[in-house]
Amino acid sequence: LVVDDSITVRRVTQRLLQREGYRVALAADGVQALERVREERPAVVLCDIEMPRMDGFEFLRQLRATADLADLPVVMITSRIADKHRDHARALGVDHYLGKPYAEDTLLGLVAGYVRLGT
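Residues numbered from 1 in each chain as written. Predicted model: local features only at pLDDT ≥ 70, side-chain atom pairs only at ≥ 80, totals over all residues. Heavy atoms only, no water.

Enquirer: Let's hear about the sheet that holds strand β2 (residues 26-27): which residues, and what values?
Expert: Spatially, β2-β1-β3-β4-β5 is the arrangement adopted by the five strands of the open sheet, whose pairing is parallel. At either margin of the open sheet sits one strand with a lone partner, and together these are β2 and β5 (96-99). As paired strands, strand β4 (residues 74-78) and β5 are joined by four bridges and run parallel to one another. Within β5, the residue paired with isoleucine 77 across the bridge is leucine 98. (Pairing = 2+ DSSP bridges. Helix = DSSP H or I, 4+ residues; strand = E, 2+ residues; numbered from the N terminus.)

Given below as structure tokens:
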């Protein structure tokens, strides 16, 4: 599941993952993302922080507070690379924190690892 308020980022990430054979769901914010993970539990969530309605931190907080979704792997992908943001995400239970811009190979390696764990 790719969660980002930028349609461009969602589409670029979707195409990258689809080229590798992944099925990709999309959400524009944390509210939509919570709906999507309940409908169809993804292997991993790639989530931005800054989004309208519900940001990535609140999405992560709610996800971790939901018993049947609490162990879902979440990778934050954000331009917010300061230690305070990274530390806050870790305190909320993020699995990996990736700053933008990132190397495509790094993202693909993370996704592959989480998909293997989920199978």
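Enquirer: Outline the side chain of aspartate 29, supporting the account with residue identities and numerical values.
Expert: By secondary structure assignment, the location of aspartate 29 is in the loop between β2 and α2 (30-39). A polar side-chain atom of aspartate 29 sits 3.0 Å from the main-chain amide nitrogen of valine 31. A distance of 2.9 Å separates the side chain of aspartate 29 from the backbone nitrogen of glutamine 32, its partner in a polar contact. Excluding residues that lie within four positions of it along the chain, aspartate 29 makes contacts with Val3, Met51, Pro52, Arg53 and Met54. (Polar contact = N/O pair within 3.5 Å; in protein donor to acceptor, adjacent residues only side chain to side chain. Contact = heavy atoms within 4.5 Å.)

Enquirer: Explain the packing of helix α3 (residues 56-64) against helix α4 (residues 83-92) to me, using residue names and the numbers behind them.
Expert: Between α3 and α4, the shortest axis-to-axis distance is 9 Å and the interhelical angle comes to 15°. Overall, the two elements α3 and α4 adopt an arrangement that is roughly parallel. For the pair α3 and α4, the sense of crossing is right-handed. Of α4, the residues touching α3 (which contributes Phe57, Leu60, Arg61 and Arg64) are His85, His88, Ala89 and Leu92. Considered class by class, the residues forming the contact of α3 with α4 number four nonpolar, two polar and two charged. (Axes fitted to C-alpha atoms, helices over the stretch in contact; angles between N-to-C directions. Parallel < 35°, antiparallel > 145°, perpendicular 65-115°, else oblique. Left-handed = near helix turned anticlockwise from the far one by under 90°. Nonpolar A, V, L, I, M, F, W, Y, C, P; charged D, E, K, R; others polar.)

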